[in-house]
Amino acid sequence: MNVTVFGATGAIGSLTVTELLQRGHQVTAYARNPQKIPAAWGDRVHVVIGEMSDADAIDSAVAGADAVVSALGPSMDRKVTGLPLVAGTGHILAAMKRHNVRRYIGHATPAILDPQEKPTPVTRLIAFMPRTFMPRAYEEITGMSRQIMASGLDWTIVRFIAPKDTPKQPRVRTGFFGTDKLGFAVSRADIAAFTAAQVDDATYIGRAPAISN
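This one's a predicted model, so the numbers in the text were calculated from it and none came from an experiment.

Calculation criteria
Counting restarts for each chain, with residues numbered from 1 along the sequence as it is written. pLDDT decides what is reported in this predicted model: residues at 70 or higher carry local features, side-chain atom pairs at 80 or more are listed and counted, and totals for whole chains, interfaces and linings draw on all residues regardless. To obtain the side-chain values, all non-hydrogen atoms of the structure were used and water was disregarded. For the purposes of this entry, the term helix denotes a DSSP run of H or I that reaches at least four residues, the term strand denotes a run of E that reaches at least two, and both are numbered from the N terminus. Burial status follows relative accessibility: with a 1.4 Å probe on protein chains alone, a residue under 20% of its type maximum counts as buried, one over 50% as exposed, and anything between as partly exposed. It only takes one pair of heavy atoms within 4.5 Å for two residues to be counted as in contact. A patch consists of residues exposed above 30% relative accessible area that lack any salt bridge, with like charges linked at up to 9 Å and nonpolar side chains (Val, Leu, Ile, Met, Phe, Trp, Tyr) linked at up to 5 Å. Note on areas: Shrake-Rupley with a 1.4 Å probe; residue coverage comes only from the protein chains shown. A pairing counts as a salt bridge when a side-chain nitrogen of Lys or Arg comes within 4 Å of a carboxyl oxygen of Asp or Glu. Note on aromatic contacts: the rings of Phe and Tyr and the six-membered ring of Trp form a pair at centre separations within 6.5 Å, being stacked when their planes are under 30 degrees apart, edge-to-face when over 60 apart, and tilted otherwise. Note on geometry: a ring has a charge over it if NZ (lysine) or CZ (arginine) is within 6 Å of the ring centre and within 35 degrees of the ring normal. We call a set of buried residues a nonpolar core when its members are Ala, Val, Leu, Ile, Met, Phe, Trp, Tyr or Cys and they connect through side-chain atoms within 4.5 Å of each other.

Novice: Explain the environment of Ala8 residue by residue, including any values.
Specialist: When you line up the elements, Ala8 lands in the loop between strand E1 (2–6) and helix H1 (11–22). For Ala8, a relative accessible area of 0% gives the class buried. Placed 64 residues apart in sequence, Ala8 and Leu72 show a C-alpha to C-alpha distance of 8.3 Å. In this structure Ala8 touches Gly13, Ser14, Val17, Ala29, Tyr30 and Trp41, once residues within four positions along its chain are discounted.

Novice: Residues and numbers for a nonpolar patch on the surface, please.
Specialist: Taken together, the side chains of Leu125, Phe128, Met129 and Phe133 make up a nonpolar region of the molecular surface, amounting to roughly 380 Å² of accessible area. Residue Phe133 is classed as partly exposed on the basis of its relative accessible area, which comes to 45%.

Novice: Report on the packing of aromatic side chains, specifying residues and quantitative values.
Specialist: Aromatic ring pairs: the centre-centre distance and the angle between the two ring planes describe each pair. In this structure the tally under the stated criterion is three aromatic pairs. Look at Phe6 and Tyr30: their rings are 5.0 Å apart centre to centre, the planes differ by 45°, and that puts the pair in the tilted class. Here Phe6 is found in strand E1, whereas its partner Tyr30 is found in strand E2 (residues 26–31), with 24 residues between them in sequence. A residue is classified by how much of its surface remains accessible, and Phe6, at 0% relative accessible area, is buried. Take Tyr30: its relative accessible area is 2%, and that puts it in the buried class. Among the aromatic residues, those joined into a cluster by ring pairs are Phe176, Phe194 and Tyr204. The ring of Tyr138 carries Arg131 above its face, with NZ or CZ at 5.7 Å from the centroid. In this structure, Arg207 packs its charged tip against the face of Phe176, placed 4.1 Å from the ring centre.

Novice: Describe the nonpolar core, with residues and values.
Specialist: Ranked by internal contacts, the top residues of the largest apolar core, which has 28 residues, are Phe6, Ile92 and Met96. Contributions of two or more residues to this core are made by helix H2 (55–62), helix H3 (84–98), strand E5 (103–108), helix H5 (135–149) and strand E6 (154–159). When residues in this core are grouped by element, the largest group, six residues, is from H3. When neighbours within four sequence positions are excluded, Phe6 is seen to be in contact with Tyr30, Met52, Ile58, Ala61, Val62, Val68, Val69, Ser70, Ala71, Leu72 and Ile92. Within the second largest apolar cluster, 24 residues are counted, among which are Val5, Ile12, Ile105 and Ile211.

Rendered as structure tokens:
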């Protein structure tokens, strides 16, 4: 499949690109900074450089895709202002509809509930902390997720709490709070592998599974 990845040079995004290549997909990587493009990609990855405000560049990156993966996440820098990823996600979804691309896989935290979940102590805590101490980031992740869930596309949102820079772990738990046993920490490598697997797996369409080790 042809897969367009946004946030492709981030910690999880770059790992996701690698996973997609290993699974035999063709990848278009959308990135802001050409200096961050890994040399290891070589000519295996088609790169589009642009800001999240550049609707035309986003459109060109989405054109011809079979699926879109967004590894975008809010900046934790308190000096950042505005909600650039909310507007950028709007551009991505609009481009997908123009080009009849149905499959979207994104990322969030359990501050965002799955449509069939009820709040639990964990989801309440994960929502309370950023809402209280990082309200801009909280508004951005919720604004992005609301758009995705209301898009009418075949979306999946992969949720996680405490990503770690560790290798893939022997145990990976996926599921939903209140019904499944889930932890807090999870390796970024496992997030990337699970994200890449959703591209051609319909199990979680319209759902927001959580992942942990």
